[in-house]
Amino acid sequence: MAEKNYLVAVGEDSTAKDGYIHQGYLVLIDKDRRIRGAYDGTKEDQVEQLKKDIPVLLAEYKK
């Protein structure tokens, strides 16, 4: 799903810790499968922004 729908590379790799290799990007997806944000997971400021954006997205569904 990540590669096909959101253009984020991921693949199985038996030598990797969890069995997969992937890009360092994190993608915030809403319940309609739309991209609501893309973040470089290797940059602390972008990970912090993702953490701020998650509650905003969740609040939209509580209305």
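Our subject is the structure listed above.
Let us look at the structure shown here. Note that the structure is a prediction, hence the values are computed from the model and not measured.

Remarks on the overall build of the protein chain
Here comes step 1: Scanning the protein chain from N- to C-terminus turns up two helices and four strands.
Here comes step 2: The N-to-C order of helical and strand elements in the protein chain reads α-β-β-β-β-α.
Here comes step 3: Counting all 63 residues of the protein chain, 16% fall into the buried class.
Here comes step 4: At a minimum sequence separation of 6, the contacts of the protein chain that also span at least 24 residues come to 19%.
Here comes step 5: When the accessible surface of the protein chain is summed, it comes to about 5300 Å², and 52% of that surface belongs to carbon and sulfur atoms.

Considerations on the side chain of Asp 30
Here comes step 1: Along the chain, Asp 30 falls in the loop between β3 (25–29) and β4 (35–40).
Here comes step 2: Here Asp 30 falls in the buried class, since its relative accessible area comes to 5%.
Here comes step 3: Polar side-chain contacts of Asp 30 include one of 2.9 Å to the backbone nitrogen of Arg 34.
Here comes step 4: Polar side-chain contacts of Asp 30 include one of 3.2 Å to the side chain of Arg 36.
Here comes step 5: Once residues within four sequence positions are removed from consideration, Asp 30 is found in contact with Arg 36, Leu 57 and Tyr 61.

Parameters at a glance
- Residues numbered from 1 in each chain as written.
- Predicted model: local features only at pLDDT ≥ 70, side-chain atom pairs only at ≥ 80, totals over all residues.
- Heavy atoms only, no water.
- Helix = DSSP H or I, 4+ residues; strand = E, 2+ residues; numbered from the N terminus.
- Buried < 20%, exposed > 50% of the residue type's maximum accessible area, 1.4 Å probe, protein only.
- Contact = heavy atoms within 4.5 Å.
- Areas by Shrake-Rupley, 256 points an atom, 1.4 Å probe, with all protein chains shown as cover.
- Polar contact = N/O pair within 3.5 Å; in protein donor to acceptor, adjacent residues only side chain to side chain.

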